[in-house]
Amino acid sequence: MNRALEAAKADREKVQGDISFRNTRIEEAETSWRAAAAQLEALTKTHDGVSGQLKEAHDRTSLAEQETIEAAMKVAECRRELAAAAQGGREPVLASQAQTDSELGA
């Protein structure tokens, strides 16, 4: 009976040791998971910040492209007016110049 009791105690200690080991492993896994979650949160914030900066840069680029197109259209209009004036043998009066003159009351 003593041997059976000793064997049962030894088995119980082994099982408790196994449980303690597994609990330690679970705690380590939870710690690792928390660290990974914190890192993911930091990366998400970084991503959001970079995405915001990228959107702002895209918006500025789009605006600059639109302004470039508008300027090119004005240049083309001025060139047409200059060509028409040169063909007619007269002094060119550009639409932009006429607009400025009318604003000044000239």
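Residues numbered from 1 in each chain as written. Predicted model: local features only at pLDDT ≥ 70, side-chain atom pairs only at ≥ 80, totals over all residues. Heavy atoms only, no water.

Colleague: Honestly, the overall build of the protein chain in this entry has me stumped. Any pointers?
Modeller: Across its full length, the protein chain carries 2 helices and 0 strands. Within the protein chain, buried positions represent 2% of all 106 residues. As displayed, the protein chain has an accessible area near 9400 Å², and 58% of this comes from carbon and sulfur atoms. (Helix = DSSP H or I, 4+ residues; strand = E, 2+ residues; numbered from the N terminus. Buried < 20%, exposed > 50% of the residue type's maximum accessible area, 1.4 Å probe, protein only. Areas by Shrake-Rupley, 256 points an atom, 1.4 Å probe, with all protein chains shown as cover.)

Colleague: When you look at helix α1 (residues 2-88) in this model, what are you seeing that I'm missing?
Modeller: What sets the pattern is the α-helix's 3.6 residues per turn: residues three or four places apart point alike. Its 87 residues place the ends of α1 127 Å apart at the C-alpha level, agreeing with the 129 Å of an ideal helix rising 1.5 Å per residue. Note on α1: the residue one or two positions beyond its end, G89, has a positive phi of about 70°. (Expected span 1.5 Å × (residues − 1).)

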